[in-house]
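# Residue-level structure breakdown
What follows is each chain in one-letter form.
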Amino acid sequence: MDYQQFVEEQVAEIKREVGDGIAINALSGGVDSSVVTVLAHRALNNQLKTVFVDNALMREGEPQWVVQVFADMGIPVDLLDARRQFLSALKGLTDPEDKRNAITNAFYKDVFAEAVGNCGAKFLLHGTILTDIEETVAGIKRQHNILAQIGIDPEQSYGYKVIEPLKTLRKDGVREVAKVLRLPEEIAGRIPFPGPALATRIVGEVTEQRVATVRAATAIVEAELAKTGAFQYMAVLLGDRATGIRDDKREFGQIIVVRCIDSIDARTATVRELPWKTLQRLCQRITEIPGVNRCLFDLTPKPPATIEYV
Ligand code: XMP
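Keep in mind that this is a model prediction, so the values were computed, not measured.

### Re the overall build of the protein
Scanning the protein for helices and strands turns up 11 helices and 9 strands. Computed over C-alpha atoms, the radius of gyration of the protein comes to 20 Å, within 12% of the 19 Å expected from 2.2 N^0.38 for 310 residues, which places it in the range of a compact globule. Considering only C-alpha atoms, the protein reaches an extent of 65 × 40 × 40 Å along its principal axes. Counting across all 310 residues of the protein, residues that qualify as buried make up 53%. Here the analysis covers contacts within the protein between residues at least 6 apart in sequence; of these, 74% occur between residues at least 24 apart. Here the protein has roughly 14,200 Å² of accessible surface; of this, 50% comes from carbon and sulfur atoms. For the protein, the separation between the mean place of its 38 positive charges and that of its 42 negative charges on side chains is 3 Å.

Okay, structure coming up:
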């Protein structure tokens, strides 16, 4: 595929659809939404309003870092603090689909509806990619960002039209577009990170405390495994507990799983073989997190596993 031409076509298409209206997009700092932001900014300039929603489920320091990276590219991003809304929407939920639904609704109905209302946007630009659509349609998992494909009319339900410029591409294609758009490597080369963020890595209820635990583990895993160049690596907090010993006392503690996989497009994945020393170091650092006394390494490829846990 000629990605330069893809960019030109999409810029023209976005201009044509939005006309002299206002469009809004949510930036998460992941590759997909970052590419959409730059593409749409190129097409619309100040007719585009970009927001970063802090949903309480982000990595350490992420909201401020992302806003700064885009400010450096001359793209203004509004930081919306919606931490309370998301945490209260997730309270008491343990079923994966219920959690995804709660996040979708908190995002579109509450936070976004208000942001759209405030700026009068009639268009929402979205970083949906082909893999999201395929897996949702196949019923494997409902990605939080799929609406039209599962029969929800966003215009009727939420009052705006959704534009999805990347919906014919897979992750490898999005990275090619990122190169054409000259996204900084710190964004373009980032490992994938799901829209529902750390909630996809917490089995069971999502509470502020449990997010803090998986966030701390995520920071360790990302720091230790960046040099592997693997497709994706992550920390997951299990819903079970295990007995351990801390300060000579019995502790019924939490369990973190480390996952490190290779993949081209996230449809299938194999597990990266890591040096024993790296695994030991991960284990040592992760079990220093308060309340965590077990660290496991996931050996399961996709399929039969998915990449995320929720
Ligand atoms: P799974 O877990 O389905 O993940 O094997 C495939 C790829 O997609 C990412 N992922 C998501 N991305 N919203 C997203 O934007 C989601 O709901 C979502 N679920 C999974 C995942 O990180 C992996 O790269």
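### Digging into the packing of aromatic side chains
Per the stated rule, a full pass over the model turns up 4 aromatic pairs. Ring geometry for Phe-107 versus Tyr-108: centroids 5.0 Å apart, planes at 80°, classification edge-to-face. With relative accessibility at 0%, the residue Tyr-108 sits in the buried group. Seen from their ring centres, Phe-107 and Phe-112 are 4.9 Å apart, and the 20° between their planes marks the pair as stacked. Assessed through its relative accessible area of 0%, Phe-112 is described here as buried. Here the aromatic cluster, defined as three or more aromatic residues joined through ring pairs, consists of Phe-107, Tyr-108, Phe-112 and Tyr-160.

### Here's the deal with the environment of Met-1
Tracing the backbone shows Met-1 in the segment before helix H1 (3-18). For Met-1, a relative accessible area of 63% puts it in the exposed group. If we ignore the near neighbours within four places in the chain, the residues touching Met-1 are Phe-6 and Leu-169.

### Some remarks on the side chain of Asp-265
For Asp-265, the position within the fold is in the loop between strand S7 (249-262) and strand S8 (270-271). Residue Asp-265 is classed as buried on the basis of its relative accessible area of 10%. There is a polar contact of 2.9 Å between the side chain of Asp-265 and the backbone nitrogen of Arg-267.

### Re the packing of H1 against helix H8 (residues 171-180)
For the pair H1 and H8, interaxial distance at closest approach is 9 Å and the crossing angle is 80°. The angle between H1 and H8 places the two elements in the roughly perpendicular class. Facing H1, whose interface residues are Tyr-3, Gln-4, Phe-6 and Val-7, H8 presents Gly-173, Glu-176, Val-177 and Val-180. Broken down by class, the residue content of the contact of H1 with H8 amounts to 5 nonpolar, 2 polar and 1 charged.

### A few points about the pattern of salt bridges
Applying the stated criterion across every chain yields a total of 19 salt bridges. Through salt bridges with shared partners, a single ionic network connects Arg-59, Glu-62, Arg-190 and Glu-222.

### Side note on helix H6 (residues 130-137)
Those residues of H6 not exposed but buried are Thr-131, Asp-132, Ile-133, Glu-135 and Thr-136. At the C-terminal side of H6, Gly-139 shows a positive phi close to 80°.

### Topic: the pairing of S7
With respect to burial, S7 is a largely interior element, 10 of its 14 residues being buried. Across 12 bridges, the pairing between strand S6 (residues 232-246) and S7 is antiparallel. The residue bridging Arg-246 from the neighbouring strand is Lys-249, located in S7. If you look at the hairpin formed by S6 and S7, you'll find 2 residues sitting between the two strands, and Asp-247 has a positive phi there, around 50°. Where S7 meets strand S9 (residues 292-297), 5 bridges bridge the pair, whose relative direction is parallel.

### A closer look at the environment of Ile-22
Within the secondary structure, Ile-22 sits in the loop between H1 and strand S1 (23-26). In sequence terms Ile-22 and Gln-284 are 262 residues apart; their C-alpha atoms lie 50 Å from each other. Beyond its immediate sequence surroundings of up to four residues, Ile-22 is in contact with Gln-47, Cys-119, Gly-120, Ala-121, Lys-122 and Phe-123.

### Regarding unusual backbone geometry
At the junction of Lys-302 and Pro-303, the peptide bond is cis and its omega measures out at -10° in the coordinates. In this structure, Pro-303 sits in the segment after S9. You will see that Ala-266, though not glycine, has its phi angle at about 75°, which is positive. By the secondary structure assignment, Ala-266 is in the loop between S7 and S8.

Analysis parameters
- Residues numbered from 1 in each chain as written.
- Predicted model: local features only at pLDDT ≥ 70, side-chain atom pairs only at ≥ 80, totals over all residues.
- Heavy atoms only, no water.
- Helix = DSSP H or I, 4+ residues; strand = E, 2+ residues; numbered from the N terminus.
- Rg over C-alpha atoms; globule rule 2.2 N^0.38 Å.
- Buried < 20%, exposed > 50% of the residue type's maximum accessible area, 1.4 Å probe, protein only.
- Contact = heavy atoms within 4.5 Å.
- Areas by Shrake-Rupley, 256 points an atom, 1.4 Å probe, with all protein chains shown as cover.
- Lys, Arg positive; Asp, Glu negative; His and termini not counted.
- Charge placed at Lys NZ, Arg CZ, Asp CG, Glu CD.
- Phe/Tyr/Trp six-rings, centres within 6.5 Å; stacked < 30°, edge-to-face > 60°.
- Polar contact = N/O pair within 3.5 Å; in protein donor to acceptor, adjacent residues only side chain to side chain.
- Axes fitted to C-alpha atoms, helices over the stretch in contact; angles between N-to-C directions.
- Parallel < 35°, antiparallel > 145°, perpendicular 65-115°, else oblique.
- Nonpolar A, V, L, I, M, F, W, Y, C, P; charged D, E, K, R; others polar.
- Salt bridge = Lys/Arg side-chain N within 4 Å of Asp/Glu carboxyl O.
- Pairing = 2+ DSSP bridges.

These figures capture arrangement, not role.
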